[in-house]
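Understanding the architecture of this molecule
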Amino acid sequence: MAIDLTELLRLEHAGWTALCDGTGGEFYGTVMTEDAVMVLADGSVLDRGAVVASLDDAPAWSAYEITDERLIGLGPDSAAFVYRGRAFRASGGPPFDAVMTSVYVREDGGWRLALYQQTPVPAEESVEL
């Protein structure tokens, strides 16, 4: 079965939507594999249970954008989805800007998240003329 960028992009949007509406813990608890981990921009590594617990109390994002999407096939039932994500808080402040990688595996006829990793994009420095 072919791997479709659109399917994985839809899953990423669903995850970000859940992070915006406060249901991230429930969403990721369902979509992550039993042994999945998230490697976050601050260097922490969270297993599925820790992700669910941390998202239950996390402040919601107000908006996000996904750009520069790339799909890397890893085999017939796995793929890495790489993109740049920017997320914004309603309270303002600088956006969270990172290159993100989500590794998915096909289980029981659907895609499950096995690994998620964030690499922060350095803030662009302004140059005065």
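Sequence order as written defines the numbering, with residues in each chain counted from 1. Predicted model: local features are reported for residues with pLDDT of at least 70 only, side-chain atom pairs are reported and counted for 80 or more only, and whole-chain, interface and lining totals are derived from all residues. The side-chain numbers reported here are obtained from all heavy atoms of the structure, hydrogens and water having been left aside.

1. Side note on the UniProt feature "domain: DUF4440" (unreviewed entry) in the protein
Just so we agree on the cut-off: UniProt positions are given in the numbering used here, feature names are shortened, and annotations may be inferred rather than shown by experiment. Only DSSP runs of H or I with at least four residues qualify as helices, and only runs of E with at least two residues qualify as strands; both kinds are numbered from the N terminus onward.
UniProt's feature table lists "domain: DUF4440" (unreviewed entry) at residues 8-113, given in the numbering used throughout. The span residues 8-113 is 29% helix and 48% strand, and its two end C-alpha atoms sit 10 Å from each other.

2. As for the pairing of strand E6 (residues 110-120)
Quick note on the threshold: For two strands to pair, DSSP has to find at least two bridges joining them.
Taken together, the 4 bridges between strand E1 (residues 32-39) and E6 define a ladder with parallel strand orientation. Residue pairing for E6: Met38 is matched across the bridge by Tyr116.

3. Overview of the pattern of salt bridges
Applicable threshold: Counted as salt bridges are all cases of a side-chain nitrogen of Lys or Arg within 4 Å of a carboxyl oxygen of Asp or Glu. When accessible area is computed with a 1.4 Å probe and restricted to protein chains, residues below 20% of their type maximum are described as buried, those above 50% as exposed, and intermediate ones as partly exposed.
What the rule picks out here adds up to 6 salt bridges. Residues Arg86 and Asp97 are paired through a salt bridge, measuring 3.4 Å at the closest nitrogen-oxygen approach. One end of the pair, Arg86, is in strand E4 (residues 78-88); the other, Asp97, is in strand E5 (residues 96-107), with 11 residues separating them in the sequence. Arg86 sits in the partly exposed class, given a relative accessible area of 26%. Residue classification places Asp97 among the buried positions, given a relative accessible area of 12%. Salt-bridge contacts for Arg112 lead to Glu107; the nearest nitrogen and oxygen are separated by 3.1 Å. Given the relative accessible area of 32%, Glu107 is considered partly exposed.

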